[in-house]
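Observations on the model geometry
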Amino acid sequence: MAEKGPVLRAEGLSKQYGARQVLRGVSLSVNEGDLKVLIGPSGAGKSTLLQCINFLVLPDKGQVFLDGREILHTRRKELCAYRQKVGMIFQDFNLFDHLTALGNVEIGLTRVRSMKKGAARERAVMELERVGLGEHAGKYPAQLSGGQKQRVSIARALAMDPKVMLLDEPTSALDPELITEVLSVIRNLVSEGMTMIIATHQIGFAGDLANEIIFMEDGAIVEQGPPAKILTRADCERTREFCSKITSPYGESR
Amino acid sequence: MTANLLAVLDALPYLLQGGLVTIGLVVGAMGLGLVLGVPFAVGQVYGLPWVRRVIGFYVWFFRGVPLLVLLFLFYFGLFSLMNINLSAFAAALIVLGLISAAYQSQIFRGAILSLPEGQFKAAKALGMSDTRAILFVVLPQALRLSLPGWSNEYSIVLKDSAVAYALGVAEVMARSHFVASRTYYHMPLYFTAGLIFLCLTYFGTRGLRMLEEKVKIHGYSR
């Protein structure tokens, strides 16, 4: 694949928990600088899909390719190297509670990329400033608001120089007022050309910025396409129904 | 009354030397228990099924057999069978340590399990190997959370160490008994022995409490 193919490609990912088929052979690909948005009801498999992409959940079937190269997740070194290039943001932040904001951003640099202390610190400070948290560097997670925590976790991922970022409902655990600050950080990433896949219910945000919206239900992709199409005139009845519900959640029409 | 006091004062230096032996036993046993207990806990949480089974068996055995039986089993039985020539002190230290390892492993295991699972995931998502994630993310937090339970374990090992008397280790209890059976001042001497143990418990748990305060994670109200 000498041509500029997709940065990240997943092929036929399937996952079963007991009798429940959570993913049914889902494929998707992202080109450089793309923002793909996953939408769909809870339990649709969005989160499992994202976690299968970086093998935090091992898929039963399917392959993942980064820059056209298949990732062999059974080779530990290869898996760790791959995960460094794929930043992951979780719904509930998952900051390391025993470390300050700075420590959280530094640890990947010192303990994974074996950077020197001084250089790691410099880089970590820069990343915290990038998400607007320069003056909170010395605070512990328990001393930060939800929005600040999520921004630290974004800085932590950015410090690893990821090629792609996967964001699993990054604003779902936040108070309404705090959502904006996290979305604006993500917006900046989009304008800097970061390649991202994001699962979210922030439909306005998705409509503004996504190159493509992917509607998932019951472990499969129902429909995908540009936001204008998916949000207003989707082909599939189920997609239209879901989109109308999340665009006007209280039943009033817009 | 004065006779009692004099008897105690006479024996005190001798008993306090026994206190040093007791401290040696306890520090050694707690140390051995820590060195074994941490990997056991990690193995029991993250290990392969057979690893978990082996550790489970170890814990079951050392928690299930009485201390005195284990002391005799190892000192008179196992060690001499294997031609290992150990002093009574060393044998008692090892047995107390092996037992404490079983209990400590469960303290650490509980602490590891109480951590939010997402942090381990986040560490792996950064590209950390499991080993590094355990070393740099899981254990620093789990060990902090273990301190209250560890302090409890200290006071138990401290009191258990008195049973080493049965092997002839010259710790506080053995010395008190030795003096009491010669002077017949049973009451004041055993009372003093009890006091020495109480002091050791007090200072030990207080020290650990201070350590707990020192390594506390900021913003955590506990």
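Residues numbered from 1 in each chain as written. Chains lettered and ligands numbered in written order. Predicted model: local features only at pLDDT ≥ 70, side-chain atom pairs only at ≥ 80, totals over all residues.

All names here are of chain B. At a minimum axis separation of 8 Å, helix 4 (residues 88-114) and helix 6 (residues 130-160) run at an interaxial angle of 145 degrees. Considering how the two elements wind past one another, helix 4 and helix 6 form a crossing that is right-handed. Between helix 4, through Leu96, Ser100, Tyr103, Gln104, Ile107, Phe108, Ala111, Ile112 and Ser114, and helix 6, the contact on the second element is made entirely by Val138, Ala142, Leu145, Ser146, Gly149, Trp150, Glu153, Val157 and Asp160. For the contact of helix 4 with helix 6, a count of residues per class yields 11 nonpolar, 5 polar and 2 charged. (Axes fitted to C-alpha atoms, helices over the stretch in contact; angles between N-to-C directions. Helix = DSSP H or I, 4+ residues; strand = E, 2+ residues; numbered from the N terminus. Left-handed = near helix turned anticlockwise from the far one by under 90°. Contact = placed C-beta atoms within 7 Å. Nonpolar A, V, L, I, M, F, W, Y, C, P; charged D, E, K, R; others polar.)

One finds Val37, Leu38, Leu128, Ala155, Leu166 and Ile213 of chain A together with Ala92 of chain B to be the most contacted residues of the largest nonpolar core, which totals 136 residues. Contacts of alanine 92 of chain B, omitting those with residues within four sequence positions, involve Leu25, Leu71, Ala164, Leu167 and Val169 of chain B. (Core = buried A, V, L, I, M, F, W, Y, C linked by C-beta atoms within 7 Å. Buried ≥ 20, exposed ≤ 12 C-beta atoms within 10 Å, placed from the backbone.)

Our next topic: helix 5 (residues 146-158) of chain A. Residue and element names in this part refer to chain A. Taking 1.5 Å of rise per residue, the 13 residues of helix 5 would be expected to cover 18 Å, and the 18 Å separating its terminal C-alpha atoms lies within 8% of that figure. Taking burial as the measure, the 13 residues of helix 5 include 12 buried ones, the bulk of the element. The set of residues buried in helix 5 consists of Gly147, Gln148, Lys149, Gln150, Arg151, Val152, Ser153, Ile154, Ala155, Arg156, Ala157 and Leu158. Taken together, the buried residues of helix 5 touch strand 6 (86-89), helix 3 (101-111), helix 4 (117-130), strand 7 (164-168) and helix 6 (176-191). (Expected span 1.5 Å × (residues − 1).)

Residue and element names in this part refer to chain A. Spatially, 2-1-4-5 is the arrangement adopted by the 4 strands of the open sheet, whose pairing is antiparallel. Taken across any chain shown, the strands that pair with only one partner, and hence form the sheet edges, are strand 2 (20-30) and strand 5 (69-70). With 2 bridges connecting them, strand 4 (residues 61-66) and strand 5 associate as antiparallel partners. By the bridge assignment, leucine 66 is partnered in strand 5 with arginine 69. (Pairing = 2+ DSSP bridges.)

Here we take up the sheet that holds strand 3 (residues 35-39) of chain A. Residues and elements named next belong to chain A. In spatial order, the strands read 6-7-8-3-9-10; together these 6 strands make up an open sheet with mixed pairing. The open sheet terminates on both sides in strands that have one partner only, identified here as strand 6 and strand 10 (220-225). Across the sheet, the axes of successive neighbouring strands diverge by a mean angle of 15 degrees, strand direction being ignored. Packing against the sheet, helix 5 makes contact with strand 6 and strand 7, and its axis sits at approximately 170 degrees to strand 6.

Right, let's get into unusual backbone geometry. Residues and elements named next belong to chain A. Positive phi outside glycine occurs at phenylalanine 55, with the angle close to 60 degrees. Here phenylalanine 55 is to be found in the loop between helix 1 (46-53) and strand 4. Within the chain, asparagine 94 stands out as a residue other than glycine whose phi angle is a positive 55 degrees.

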